[in-house]
Amino acid sequence: MRRYWKYIKPYLSAFIIGPILMIVEVIGEVVMPRLLSNIIDKGVVDEKGIPFIIAMGITMVITALIMMAGGVGGAYFAIKASSGFANDLRKDLYKKIQDFSFYNIDQYHTGSLITRLTNDITQIQNMIQMLMRMALRAPGMLIGALIMAFTMNRRLASVILVVIPLLALAIFSIMRIAFPRFSVMQKKLDALNTTTQENLTNIRVVKSFVRERFEEEKFRKANLDLKENALRAMKVVIFAMPVMTIAMNITTLAVVWFGGNQVITGGMTSGELTAFVNYVVQILMSLIMVSFIILNGSRSLASAKRINEVINTDIDLTDDMAQHKDITVNQGKIEFKDVCFKYYKNNEKWVLENINLVINPGETVGIIGSTGSGKSSLVQLIPRLYDVDQGEVLVDDVNVKDYSLKNLRNGVGIVLQKNVLFSGTIMENLKWGDEEADDEEVYKWAESAQAHGFITSFPDGYNTELGQGGVNVSGGQKQRLCIARALLKKPKILILDDSTSAVDTATEARIRESFNNVLKDTTKIIIAQRISSVIEADKIVVLDDGKIVGIGTHDELLNSCEAYAEIYYSQTDRKVTA
Ligand SMILES: Nc1ncnc2c1ncn2[C@@H]1O[C@H](COP(=O)(O)OP(=O)(O)O)[C@@H](O)[C@H]1O
Ligand SMILES: [Mg+2]
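Every value quoted in this text rests on a predicted model; they were computed, and no experiment measured them. (Residues numbered from 1 in each chain as written. Chains lettered and ligands numbered in written order. Predicted model: local features only at pLDDT ≥ 70, side-chain atom pairs only at ≥ 80, totals over all residues.)

Some remarks on the site of ligand 1
Then step 1. Around ligand 1, a shell composed of Asp-106, Tyr-343, Val-351, Gly-369, Thr-371, Gly-372, Ser-373, Gly-374, Lys-375, Ser-376 and Ser-377 is seen.
Then step 2. Here the shell around ligand 1 gets 3 residues from one element, more than from any other, and that element is helix H11 (residues 375–380).
Then step 3. Considered class by class, the residues forming the shell around ligand 1 number 2 nonpolar, 7 polar and 2 charged. (Near = placed C-beta within 6 Å. Helix = DSSP H or I, 4+ residues; strand = E, 2+ residues; numbered from the N terminus. Nonpolar A, V, L, I, M, F, W, Y, C, P; charged D, E, K, R; others polar.)

Below is the structure:
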């Protein structure tokens, strides 16, 4: 609860004024029936005449106007406070997710995070709005009407006392049943969003595999599942309404029955009975409001729990403990010392085991190994996308954990294996690497990545709009744009994780050549499938099943490393027969 104070504070005045204005409305509501009974008893029955009725009528109109002002003002401040609250909470949640480490991101589905950011927060926003409008109004009306009813006719009022505990019991049971159902419902909404999000982002893959019907079926199931669970939860709400109405009608009937007898025997005036019936309705209405608050409350509680889950997620990778936050990467030396790493901490098997490796500034290092051997995992430890479990990774002889994440990641440019571009122009995308770069600089680095040529061949050149993820350029073009984007960072260490796999060998050779010219001092790590991509490297690291099985130049490895020789001959053989 204390955590939410931060979101209330900026809107504190609205949070206070709103309910106060609602009290104005409540007072009006409670006074109204009394005025009405006066008109009937004194104006009509006692024949005080038209002037009295007019005077009372005017009083009632004025009261109604004041009530209206209170109601409108109350609603306005409720909306103002709740939307401000939701806006700030959403902003913080978004920021928290931005700070998530790769490991944290692996724990949530994107669809679930989207549901939490949108639907769950809206749920809370609606709840706050409702609370502000009803939290004081319902009990205010309940107490006000009870007092009025009891002062008017104690015996008749006791009828109400029989109904209240019964209704309270009903409300309590409804809440008990509803809460778990709402939790399940939000989870189903998650599942639906995850399916939708996954399908829509990968719609091209779906189409190329002709899996539309299958995906439709998956969506249909998730959709149906949500519908059924929503229905299950809503049934409780649907059931609650008639129960309340029946209780209200029976009570009214009882009051009219007993009260009518009293009017006949002269124990009560007819005006009083009218007012009394009004109060009974108010009392029951306020109870219905309370049950509504509780029902919606249980739904928002489920949402709040889900938001808390995100807020309470420990970000497992921060630079809070860094010893040298001010230093930057200067030389580009990399050292792995007895590094062991795995993604799932309860798995027994290491993804990387006892890695020892030194890479000197300016060296070009190739990494070769079958898929799943741990190449990507190995390089992701350098910019601390994941943390090692044992041993340490040093950059310029400083543990990567001692850098500020900003300085470390600015010094290490990595082109991830699964890389994407963003919606926007090519120019905007490339300037991700360096916002301050001028156009000439962008051209220069695009040239080094062998991208300038094809970019300028587009009718709009650098102003070509890229579709989401860069769908309107070819795979090889996308890879070269990603390389250019990384080059613009002018990193001391450049890591290409299988980033030229879709580029033809001739273009790839030109990229390597330009690297030799313009990135002389940059440490370059190149993960590749093709031996030809790394054949000229200063050293080649051969990975197999998470272990280094060979380090050396091409010639050295060919003679000493069986795994390397195997890969080499398999590729040259293929070339001969092809
Ligand atoms: N984000 C991840 N979560 C869990 N396991 C992963 C993750 N990424 C990779 N792995 C696993 O780690 C192992 C090494 O993967 P990776 O480093 O990507 O290999 P490579 O790049 O050599 O193909 C594989 O068994 C893979 O399934
Ligand atoms: Mg990989």
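Focus: helix H17 (residues 505–518)
The periodicity of an α-helix, 3.6 residues per turn, causes residues three or four positions apart to be oriented the same way.
Then step 1. Between its first and last C-alpha atoms H17 spans 20 Å; for 14 residues at 1.5 Å apiece the expected length is 20 Å, and the two agree.
Then step 2. Residues Glu-508, Ile-511 and Phe-515 constitute the buried set of H17. Burial along H17 is one-sided: seen end-on, the buried residues are contained in an arc of 55°. Opposite the buried face of H17, at more than 90 degrees from it, the exposed residues are Ala-506, Asn-516 and Asn-517. (Expected span 1.5 Å × (residues − 1). Buried ≥ 20, exposed ≤ 12 C-beta atoms within 10 Å, placed from the backbone. Arc of directions from axis to C-beta.)

Here's the deal with the pairing of strand E11 (residues 539–544)
Then step 1. The element E11 is extensively covered by neighbouring structure, given that 5 of its 6 residues are classed as buried.
Then step 2. As defined by bridge partners, strand E3 (residues 364–369) adjoins E11 across 5 bridges and the pair is classed as parallel. The residue of E11 that forms the bridge with Ile-368 is Val-542.
Then step 3. Pairing of E11 with strand E12 (residues 547–552), which is carried by 5 bridges, proceeds in the antiparallel orientation. Counterpart to Leu-543 in the pairing with E12 is Ile-548. (Pairing = 2+ DSSP bridges.)

Things to note about the nonpolar core
Then step 1. If you look at the biggest cluster of nonpolar residues, it comprises 65 residues, and the most contacted ones within it are Ile-382, Ala-484, Ile-495 and Val-542.
Then step 2. When residues of this core are assigned to their parent elements, the largest contribution, 6 residues, is made by helix H16 (residues 475–487).
Then step 3. Once residues lying within four places of it in the same chain are set aside, the contact partners of Ala-484 are Leu-430, Trp-445, Ala-446, Ala-449 and Ala-451.
Then step 4. Phe-15, Met-134, Ile-283 and Ile-288 belong to the second-largest nonpolar core, a separate cluster that totals 58 residues. (Core = buried A, V, L, I, M, F, W, Y, C linked by C-beta atoms within 7 Å. Contact = placed C-beta atoms within 7 Å.)

A short note on the packing of helix H2 (residues 12–45) against helix H6 (residues 137–152)
Then step 1. Between H2 and H6, whose axes approach to 9 Å, the crossing angle comes to 25°. With respect to their mutual orientation, H2 and H6 come out roughly parallel. The two elements H2 and H6 meet at a crossing, and its hand is right-handed. Packed against H2, whose contacting residues are Met-22, Ile-23, Glu-25, Val-26, Glu-29, Val-30 and Arg-34, the element H6 presents Arg-137, Gly-140, Met-141, Gly-144, Ala-145 and Met-148 at the interface.
Then step 2. Counted by class, the contact of H2 with H6 contains 7 nonpolar, 2 polar and 4 charged residues. (Axes fitted to C-alpha atoms, helices over the stretch in contact; angles between N-to-C directions. Parallel < 35°, antiparallel > 145°, perpendicular 65-115°, else oblique. Left-handed = near helix turned anticlockwise from the far one by under 90°.)

So, the environment of Ile-495
Then step 1. Counting through the fold element by element, Ile-495 comes out in strand E9 (residues 493–497).
Then step 2. For Ile-495, a count of 26 C-beta atoms within 10 Å corresponds to the buried category.
Then step 3. Taking the C-alpha atoms as reference points, Ile-495 and Thr-523, 28 residues apart in sequence, are found 8.3 Å from one another.
Then step 4. If sequence neighbours within four positions are ignored, Ile-495 has contacts with Val-379, Ile-382, Val-412, Gly-413, Ile-414, Val-415 and Ile-525.

Quick notes on the environment of Phe-77
Then step 1. Counting through the fold element by element, Phe-77 comes out in helix H3 (residues 50–99).
Then step 2. Residue classification places Phe-77 among the buried residues on the basis of 24 C-beta atoms within 10 Å.
Then step 3. Linking Phe-77 and Ala-14, residues 63 residues apart in sequence, is a C-alpha distance of 5.1 Å.
Then step 4. Contacts of Phe-77, omitting those with residues within four sequence positions, involve Ala-14, Ile-17, Gly-18 and Leu-21.

A closer look at the sheet that holds E3
Then step 1. Pairing is mixed across the open sheet formed by 6 strands, whose spatial order is E6-E9-E10-E3-E11-E12. The sheet is open, and its two borders are formed by strand E6 (412–415) and E12, each paired with just one other strand. Taken pair by pair, the neighbouring strands of this sheet meet at an average axis angle of 15°, ignoring direction.
Then step 2. Across 4 bridges, E3 lies against strand E10 (residues 523–527) in parallel orientation. Note on E10: the bridge partner recorded for Thr-364 is Lys-524.
Then step 3. Lying over the sheet, H16 contacts E6 and E9, oriented at roughly 175° with respect to E6.

Here's the deal with the sheet that holds strand E5 (residues 398–399)
The pairing of strands in a sheet happens through backbone hydrogen bonds and is either parallel or antiparallel.
Then step 1. The sheet built from 4 strands is open, its strands ordered E2-E1-E4-E5 with antiparallel pairing. Looking at which strands have only one partner, the edges of the open sheet turn out to be strand E2 (352–359) and E5.
Then step 2. With 2 bridges connecting them, strand E4 (residues 390–395) and E5 associate as antiparallel partners. Bridging across to E5, Val-395 finds its partner in Val-398.

As for the packing of H6 against helix H10 (residues 270–312)
The relative placement of two packed helices is expressed as an angle between their axes plus a distance between the axes.
Then step 1. Look at H6 against H10: their axes get within 8 Å of each other, and the N-to-C directions meet at 155°. In terms of orientation, H6 lies roughly antiparallel with respect to H10. Of the two possible hands of crossing, H6 and H10 adopt the one that is left-handed. In contact with Ala-138, Met-141, Leu-142, Ala-145, Leu-146, Met-148, Ala-149 and Met-152 of H6, H10 contributes Glu-272, Ala-275, Phe-276, Tyr-279, Gln-282, Ile-283, Ser-286, Leu-287, Met-289, Val-290 and Ile-293.

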